[in-house]
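Topology and contacts: notes
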Amino acid sequence: MWMKDFPLTVSYDVVVVGGGAAGFTAAIQAARAGAKTALIEKNSILGGTTVVAAVDFPGLFHVQGKQVIAGIGWEAIERTVAKGGAVLPDFSIAVGERHWEHQVRVNRFVYSTVLEEMCLEAGVALRYHEMPAAVYAEGDERRLLTAGKSGLITLGFNKMVDATGDANMTELMGYPREKGDTLQPGTLVYRLNGYQLDEVDKDKLKEAYLIAHRTGDIKETDHLPGEIPLYRELISKGSSSLHITGIDGSSSMSKTHAEIEARKALMRIYTLLRSVPGCEQLYVEFFAIECGIRETWRIVGEELVDADSYISGRKWPDAICYSYYPIDIHRHDSNTTDIRPLAEGVVPTIPYGALIPQGSEHLLAAGRCISGDQVAHSAYRVQASCMAMGQAAGAAAALAVRHDVSVRHVNVEEIRQLLWEHKAIVPTMHGVKYNKEAL
Ligand SMILES: Cc1cc2nc3c(=O)[nH]c(=O)nc-3n(C[C@H](O)[C@H](O)[C@H](O)COP(=O)(O)OP(=O)(O)OC[C@H]3O[C@@H](n4cnc5c(N)ncnc54)[C@H](O)[C@@H]3O)c2cc1C
């Protein structure tokens, strides 16, 4: 009695799923290249981890003063700067191993609004509060069933970009994915206020910590290492250091678990600190609405960005963008990080094949879920790299539609040309110089 049909509502050339760093760039690029494009986002806002997990410091666009990632992602940064939502660091100052000094801290409201403006200007149909439920074929056509606020909706699509971070569409369409045995921890970004730092009794803090640790009311992964645990958090007014271990975060239930564990951990910190003299009035001024997830599934792609190719800066024959970041592995069993800077002069590239799920004709992936091993992933997952991959996936999807071919048959030279026309920095290959700033 309550069953109903779900007739086709609207068809798109390109559907991008996920509106984070990879998704917004993919959607804008596809639309600017002439494809009728939709962007499906389960939340109510664009930006993904940058905005909802408050990891609001995209990087890295530059290598020792030289820009290696530009295009649509960089345009978003410049437009955010123009509206007073960010101040660019001086990229000409060498920062050595302090790479984070070249990240761009953005105001989340301005940044997410800029992304929205850019999508709407490009003609992208924004579909918030929707999540894919199934993909199927109807004759030669492809259908996507989504779950929205008012029930199930059927959309038509030609090509799709999986920018979910977790390779959710790859799973839904039955292509292989992989993930490590142990995943990097998640992190809840938060900010504390209301306490008097100069009145904090460090001995009492240490004593309270030791008791809470013994009774299991605080965990080592809740805080940064240090002589007086949680004092560094007080100095910095909170931090992005809280580590939620043993979580996955790629399905609704595992993400539910991650959110609950993240807020429990912050409650442990809050409760302990309020028992310390000087912190009686402490309160949580801000906490991110989602726990930031570093790592889950990666597609099994036509090519694999492994540690060797990343660390050696391999120039892949089908490279479509650069990526630059140290290897940055947050350990799952302690609140420490294995950081390995890249050697001087090394600027890794990402091959187009790492965006194509094995066996796929109509689906591409972009962002942190592309094909790579765990070590390389710890570096290429950063936001500027995700933006560059997203733009490349959007260009490839639009070209596949234009030529009516499989995503695997798009001419890489044509992707590069299109990216270059849209101000991306494209690795210089086969003697072709795509951009005066390319290395
Ligand atoms: C704690 C932490 C610190 C980090 N530090 C840095 C840093 O210093 N600098 C840096 O540049 N990067 C950093 N990163 C990495 C970086 O933020 C992410 O890897 C990057 O933002 C991933 O971009 P993405 O577009 O692939 O995925 P996301 O940003 O995760 O975007 C995915 C989007 O898809 C949506 N989505 C997911 N599943 C579905 C679905 N099934 N249906 C519909 N929508 C869906 C999500 O809501 C989200 O909007 C950090 C990450 C974390 C967690």
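Here is what the cut-offs are and how they apply
- Residues numbered from 1 in each chain as written.
- Predicted model: local features only at pLDDT ≥ 70, side-chain atom pairs only at ≥ 80, totals over all residues.
- Helix = DSSP H or I, 4+ residues; strand = E, 2+ residues; numbered from the N terminus.
- Expected span 1.5 Å × (residues − 1).
- Contact = placed C-beta atoms within 7 Å.
- Near = placed C-beta within 6 Å.
- pLDDT = per-residue confidence, 0-100.
- Domains from an automatic or database assignment.
- Nonpolar A, V, L, I, M, F, W, Y, C, P; charged D, E, K, R; others polar.
- Axes fitted to C-alpha atoms, helices over the stretch in contact; angles between N-to-C directions.
- Parallel < 35°, antiparallel > 145°, perpendicular 65-115°, else oblique.
- Core = buried A, V, L, I, M, F, W, Y, C linked by C-beta atoms within 7 Å.
- Buried ≥ 20, exposed ≤ 12 C-beta atoms within 10 Å, placed from the backbone.

Let us now look at helix H3 (residues 71–82). For H3, with 12 residues, the first-to-last C-alpha span of 16 Å sits near the 16 Å given by 1.5 Å per residue. Where H3 is buried, its residues touch helix H1 (21–32), helix H4 (108–122), helix H11 (383–403) and helix H12 (412–421). Directly beyond the C-terminal end of H3, a positive phi value near 80° is found at Gly84.

Attention now moves to the site of the ligand. In the vicinity of the ligand lie 38 residues, with Gly18, Gly20, Gly48, Gly292 and Gly367 positioned nearest. At the level of elements, H1, strand S2 (37–41), helix H2 (49–52), strand S6 (131–138) and H11 are the ones that each hand at least two residues to the shell around the ligand.

As a further point, take the confidence of the model for the protein chain. Per-chain confidence: the protein chain averages 94 in pLDDT, with 97% of residues scoring 70 or above. Mean pLDDT across the elements of the protein chain ranges from a minimum in strand S17 (residues 337–340), with 88, to a maximum in H1, with 99.

This part takes up the domain arrangement of the protein chain. Each assigned domain of the protein chain is listed with its residue range as follows: domain 1 (8–180 + 295–421) and domain 2 (186–287). A straight line from the C-alpha centre of domain 1 to that of domain 2 covers 32 Å. Across the contact, 12 residues belong to domain 1 and 12 residues belong to domain 2. Class assignment for the residues of the side of domain 1 that touches domain 2 results in 4 nonpolar, 6 polar and 2 charged.

Moving on to the packing of H3 against H11. Two numbers describe how H3 lies on H11: the axes approach to 7 Å, and their chain directions differ by 125°. Of the possible angle classes, the one that applies to H3 and H11 is oblique. Judged by residue contacts, Gly71, Ile72 and Gly73 of H3 engage Ala384, Met387, Ala388 and Gln391 from H11. A breakdown of the residues in the contact of H3 with H11 according to their chemical character gives 4 nonpolar, 3 polar and no charged.

Turning to the nonpolar core, a few remarks are in order. If you look at the biggest cluster of nonpolar residues, it comprises 130 residues, and the most contacted ones within it are Ala392, Ala396 and Ala397. In terms of residues, this core owes the most to one element, H11, which gives 14 residues. Two domains each provide a minimum of three residues to this core, namely domain 1 (8–180 + 295–421) and domain 2 (186–287). Every residue in contact with Ala397, bar those within four places of it in the chain, is listed here: Val14, Ala30, Ala35, Lys159, Val161, Leu364 and Val407.

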